[in-house]
Amino acid sequence: INDLMGAYCVCDTMSNDQLWSLYADNYAGYCIEYDLTDPCRSKGSIRFISSLYPVFYAKIKDDDWFKKLYEAIVKTINIRGKASKFDSGLFFHQWLVKTLCTKKESWSYEREWRMLGDANKIYKGPLISSIIVGHKINKVDFEEVQRYSEKLQCELKITDVDFDKQEVFAREITNDDILAIMRRV
C-alpha cells in the first residue's frame, strides 16, 4: 500500500516542545504554518481540508489490519449473500482511514492530523501564513528556508521558549537572531 497511498502528517499547534525536539532535530528544523482561516481563497486549501483526518489515539492499537478489513467486507454482504458495491466502498474507506489514522495513546501529545492521498503525487497545498524556524537552526538551512519564505511571500518567524510558563512560541526574527544563526555551521 506504501506505493499507492501517501500520508502527510500535521499537528494543530506549533508550540509543542516535544514535536520540536523529536521531529525538528531539537529546534534545528522548521515548521510550516498554514492559513486555513478562509479556505475558499485557495483550491489547495479546499483539497487539503477535505482530505484531512484526525488521528485517533487508542489505549491498545490492534495491528491486525487484515482482520479489520475482513470484518468490513463481511458487513457489506446482504442476507442473499451478495455484496453491495456502495456499502463496500463506504466500509473500505472507513477501514482505511481508521487503519491509517490510529496510533497508540502514548503519542497523543502530537495532536496529529493526516492528509491522505495518492503516493508520489504533487498536490497544490493550502496558503502558507508563515514559516517558523527553530532557534537552533544552522546557517545553510536558514538561508534555504529564507529563500522559500521570500519566494512564497510569507512571514518568517523564529521559536523562543518562555521558561517560566514552559511554553514554546513564535516571534519576529531580530538582527541578533540572524547574527547567531550565521555563526552556526
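Calculation criteria
Residues numbered from 1 in each chain as written. Predicted model: local features only at pLDDT ≥ 70, side-chain atom pairs only at ≥ 80, totals over all residues. Heavy atoms only, no water. Helix = DSSP H or I, 4+ residues; strand = E, 2+ residues; numbered from the N terminus. Buried < 20%, exposed > 50% of the residue type's maximum accessible area, 1.4 Å probe, protein only. Lys, Arg positive; Asp, Glu negative; His and termini not counted. Salt bridge = Lys/Arg side-chain N within 4 Å of Asp/Glu carboxyl O. Contact = heavy atoms within 4.5 Å. Disulfide = S-S within 2.5 Å. Pairing = 2+ DSSP bridges. Axes fitted to C-alpha atoms, helices over the stretch in contact; angles between N-to-C directions.

A. Representation of the side chain of Lys157 within the structure. Checked against the element boundaries, Lys157 lands in strand E8 (residues 155–162). In this structure Lys157 is buried but unpaired, with Glu33 as the nearest side chain of opposite charge at 4.1 Å. Residue contacts for Lys157: discarding those within four places in its chain leaves Glu33, Ser130, Ile131, Ile132, Val133, Ala170, Arg171 and Ile173.

B. Inspection of the state of the cysteines at higher detail. Inspection of every chain in the model, using the stated rule, returns 0 disulfides. No disulfide involves Cys9; its sulfur sits 8.4 Å from that of Cys101, the nearest cysteine. Look at Cys101 and you get buried, because its relative accessible area is 2%.

C. The sheet that holds strand E6 (residues 112–118), seen in detail. Reading across from one edge, E1-E6-E3 is the order of the 3 strands in this open sheet, with antiparallel pairing throughout. Each edge of the open sheet carries a strand with a single partner, namely strand E1 (5–11) and strand E3 (52–54). Averaged over all pairs of adjacent strands, the angle between strand axes in this sheet comes to 30 degrees, irrespective of strand direction. One ladder, built from 3 bridges, connects E3 with E6; its direction is antiparallel. Note on E6: the bridge partner recorded for Leu52 is Met115. Sitting on the sheet, helix H2 (residues 43–50) touches E1, E3 and E6, and the angle it makes with E3 is about 35 degrees. Those strands touched by helix H4 (residues 85–100) are E1, E3 and E6, and its axis lies near 130 degrees from that of E6.

D. Quick look at the pattern of salt bridges. The tally for this structure, following the rule as stated, stands at 8 salt bridges. Of the charged contacts, one joins Glu110 and Lys103 as a salt bridge, the two residues approaching to 2.5 Å between their closest N and O atoms. You'll find Glu110 and Lys103 in the same group, each marked buried. Lys103 serves as the salt-bridge partner of Glu112, at 2.8 Å between the closest nitrogen and oxygen. Each member of the pair, Glu112 together with Lys103, is buried.

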